[in-house]
Amino acid sequence: MSSFHSLVALVAAIVLFIYGLQGFSSELQLVGGKSLRVWLARITQSRWKGFAVGALATAAVQSSSAITALTAALVDASALSFRASLGVLLGSNVGTTATAWLVSLKLTGIGPAFIVLGALFTALPKRFSMAGKSVFYFGLIFFALDLISAELKPLQQEPLFIEWLALAQTPWLGLVTGLVFTALVQSSSVTSGVAILLAQQGVLPAEAAIPIVVGANVGSTSTALLASVGMSATARATAIANGLFNAAGALAFFPFLTPFSQLMVTLAGDPGLAVALAHLVFNLTVSLAFLLSLDWVEPQLRRLLFKGAAGHAV
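These numbers come from a predicted model, not from an experiment.

> Talk me through the packing of helix α2 (residues 47–61) against helix α4 (residues 82–95); I want residue IDs and the actual numbers.
It is at 6 Å that the axes of α2 and α4 come closest, and there the two elements cross at 40 degrees. When the axis of α2 is compared with that of α4, the two are oblique. With respect to the hand of their crossing, α2 and α4 are arranged in right-handed fashion. Contacts between α2 and α4 involve Arg-47, Gly-50, Phe-51, Gly-54, Ala-55, Thr-58 and Ala-59 from the former and Arg-83, Gly-87, Val-88, Leu-90, Gly-91, Ser-92, Val-94 and Gly-95 from the latter. When grouped by side-chain class, the residues that make up the contact of α2 with α4 number six nonpolar, seven polar and two charged.

Encoded structure:
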């Protein structure tokens, strides 16, 4: 197979992965969207409940972009206060690491089984067939990851691909690569999944893959920012706050990124697991730091983001 065909096949596999993620997220929201909105709206009084709900909802839906965009929409509809939304957003950053763990544990082989199971479910009565689509898309996510893994192997011999990987091993370039790629594909799960696969195949050292997933966390905030355009001042502030959380975390970690990456590799003992562990530790550390200091952080965000603008459900 030519290099061009390999590249096209890789892009097709990534598109299939994105389609699977979007389909899985949409089906879950279709089945339980109303309950999810009510559930999120009930946690306005506790930052810790908001954090837990944000983490669990994102892990279940497999899309931090969907949850952050939904959170901004709930703020816009006055169903969620600005303060309560912050806990949900911070929890969502932790929940998004679930996909990385599934990939790092090499569970992508479960894809075909879930695709077949989902297809069988659709032949059952309606209450089961609705769940069948979610199961099908869940399987498609991991089937696509297997395809991505297979299509990456031929490209490992390509000079341009090797040159790009060499550049990505510079921490700040790795971070920018993760940010830009995630903003383009609108999914940090795609970026973290590919980074882990490259580390597992020995193509990219785990120390170089870790800055990419840190950058992906910043790039993932672009979805909520785009979704908030045209919404209320408070909803826009919610989306911007999400971006500020992740950007501040990446900047705080950046000076220590090399020793941090080396520590994760030493602790995990496996390249793929090291990237997943770094993804979790980064998000958990940043989220807990902001969550614990929320009484101070929230007023600063209000002064910075509102500037006297009248928002509702503040």
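Next, the rest of the story.
> Lay out helix α14 (residues 257–268) in plain terms, naming residues and giving numbers.
Its 12 residues place the ends of α14 16 Å apart at the C-alpha level, agreeing with the 16 Å of an ideal helix rising 1.5 Å per residue. All of the buried residues in α14 are Leu-257, Phe-260, Ser-261 and Met-264. On an axial view of α14, the arc spanned by its buried residues comes to 100 degrees, and they lie on one face. Lining the buried residues of α14 we find α9 (171–185), α11 (206–219), α13 (233–253) and α15 (271–292). Where α14 ends, the next residue or the one after it, Gly-269, has phi of about 75 degrees, a positive value.

> I'd like to hear about the packing of α11 against α14, residue by residue, with values.
Their axes nearest at 9 Å, the elements α11 and α14 cross at an angle of 115 degrees. Note that α11 runs across α14; the crossing there is right-handed. Every residue of α14 that contacts α11 at Ala-206, Glu-207, Ile-210, Pro-211 and Val-214 is listed here: Leu-257, Phe-260, Ser-261, Gln-262, Met-264 and Val-265. For the contact of α11 with α14, the per-class residue count stands at eight nonpolar, two polar and one charged.

About the thresholds
- Residues numbered from 1 in each chain as written.
- Predicted model: local features only at pLDDT ≥ 70, side-chain atom pairs only at ≥ 80, totals over all residues.
- Heavy atoms only, no water.
- Axes fitted to C-alpha atoms, helices over the stretch in contact; angles between N-to-C directions.
- Helix = DSSP H or I, 4+ residues; strand = E, 2+ residues; numbered from the N terminus.
- Parallel < 35°, antiparallel > 145°, perpendicular 65-115°, else oblique.
- Left-handed = near helix turned anticlockwise from the far one by under 90°.
- Contact = heavy atoms within 4.5 Å.
- Nonpolar A, V, L, I, M, F, W, Y, C, P; charged D, E, K, R; others polar.
- Expected span 1.5 Å × (residues − 1).
- Buried < 20%, exposed > 50% of the residue type's maximum accessible area, 1.4 Å probe, protein only.
- Arc of directions from axis to C-beta.

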